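One letter stands for each residue in the lines below.
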Amino acid sequence: MSVSDPVADMLTKIRNANSAQHEKVDISLSRLKLEVIKVLKNEGYIKNYKRVVVGDMNCVRVYLKYNDNTSPVIHGIQRISTPGRRVYSGYKTLPRVLNGLGSLIVSSSKGIITGKKAAEAKVGGELLCRVW
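Cut-offs used in this document
Residues numbered from 1 in each chain as written. Predicted model: local features only at pLDDT ≥ 70, side-chain atom pairs only at ≥ 80, totals over all residues. Heavy atoms only, no water. Helix = DSSP H or I, 4+ residues; strand = E, 2+ residues; numbered from the N terminus. Expected span 1.5 Å × (residues − 1). Contact = heavy atoms within 4.5 Å. Core = buried A, V, L, I, M, F, W, Y, C linked by side-chain atoms within 4.5 Å. Buried < 20%, exposed > 50% of the residue type's maximum accessible area, 1.4 Å probe, protein only. Axes fitted to C-alpha atoms, helices over the stretch in contact; angles between N-to-C directions. Parallel < 35°, antiparallel > 145°, perpendicular 65-115°, else oblique. Left-handed = near helix turned anticlockwise from the far one by under 90°. Pairing = 2+ DSSP bridges. Salt bridge = Lys/Arg side-chain N within 4 Å of Asp/Glu carboxyl O.

1. Some points on helix α1 (residues 6–19)
Step number 1: Between its first and last C-alpha, α1 extends 20 Å over 14 residues, near the 20 Å set by a 1.5 Å rise per residue.
Step number 2: In this structure, the buried residues of α1 make contact with β1 (24–28), α2 (31–42), β3 (57–64), β4 (77–79) and β8 (125–131).
Step number 3: Positioned one or two residues after α1, Q21 has a phi angle of 55°, which is positive.

2. What to know about the nonpolar core
Step number 1: Counting 25 residues, the largest nonpolar core has M10, I14, I27, I105 and V131 as its most contacted members.
Step number 2: When neighbours within four sequence positions are excluded, I14 is seen to be in contact with V25, I27, L40, L64 and I74.
Step number 3: In terms of nonpolar packing, the next biggest core, distinct from the first, is built from 10 residues, I80, L104, V106 and L127 among them.

3. A few points about the environment of K122
Step number 1: Structurally, the position occupied by K122 is in the loop between α3 (115–121) and β8.
Step number 2: With 30 residues separating them along the chain, K122 and K92 place their C-alpha atoms 7.9 Å apart.

4. Some remarks on the packing of α1 against α2
Step number 1: For the pair α1 and α2, interaxial distance at closest approach is 10 Å and the crossing angle is 40°. Judged by the inter-axis angle, α1 sits oblique to α2. The handedness of the crossing between α1 and α2 is right-handed. When α1 is examined against α2, the residues P6, V7, M10 and I14 are found in contact with a partner set consisting of L32, K33, V36, I37 and L40.

5. Focus on the environment of H22
Step number 1: Mapped onto the elements, H22 comes out in the loop between α1 and β1.
Step number 2: When the C-alpha positions of H22 and N42 are compared, they lie 21 Å apart, and in sequence the two are 20 residues distant.
Step number 3: H22 has contacts with A17, L64 and Y66, leaving out every residue within four places of it along the chain.

6. Regarding the side chain of E126
Step number 1: Looking at the element boundaries, E126 is found in strand β8.
Step number 2: With a relative accessible area of 13%, E126 lands in the buried category.
Step number 3: With residues near it in sequence (within four places) discarded, E126 still touches S81, R86, V87, Y88, I105, V106 and S107.

7. Let's talk about unusual backbone geometry
Step number 1: You will see that N99, though not glycine, has its phi angle at about 55°, which is positive.
Step number 2: You can see N99 is positioned in the loop between β5 (88–89) and β6 (103–108).

8. Quick notes on the sheet that holds β1
Step number 1: The sheet built from three strands is open, its strands ordered β1-β3-β2 with antiparallel pairing. Strand pairing shows two members of the sheet lacking a second neighbour, β1 and β2 (46–54), which therefore form its edges. The sheet shows a mean angle of 25° between the axes of neighbouring strands, taken without regard to direction.
Step number 2: As judged from the eight bridges shared by β2 and β3, these two strands associate in the antiparallel manner. Residue pairing in the sheet places R51 in a bridge with V60 of β3.
Step number 3: Against the sheet, α1 contacts β1 and β3, and its axis sits at roughly 165° relative to β1.

9. Here we look at the pattern of salt bridges
Step number 1: Going through the model one piece at a time under the given rule, you end up with five salt bridges.
Step number 2: A salt bridge links D9 to K13; its shortest N-O distance comes to 4.0 Å. Residue D9 and its partner K13 are both found in helix α1; the two are separated by four residues, about one turn of the helix.
Step number 3: For D9, a relative accessible area of 28% corresponds to the partly exposed category.
Step number 4: Salt-bridge contacts for E126 lead to R86; the nearest nitrogen and oxygen are separated by 3.0 Å. Here R86 lies in the loop between β4 and β5 and E126 lies in strand β8, a separation of 40 residues in the sequence.

Below, the structure written as structure tokens:
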């Protein structure tokens, strides 16, 4: 079955594995998904990731991060731009997530970066998702 929005599928897999308190989740590999996962790692929302081969399919294995009392670090992850409704923003009008406590992931001309880095670099782009 083909997926019409692979990024939303990836975010849903992470959200579901987080709520079920799984240690890891396997996601089919694409360059865009790998860059989003790198941003999640750099922002401290996941422990680690690595590329693996499951069967004959290239995947990325994401190791989820939990606090001491087994509550997930990712409280929410939400897709903003969809294939049917693309959402773009300039660097002056980038939305804040939970008044600066969350992270916005933006696809810009500088690559996949956080909203804070996009504002510092003065570049806008497509708003992919918000994480808190």
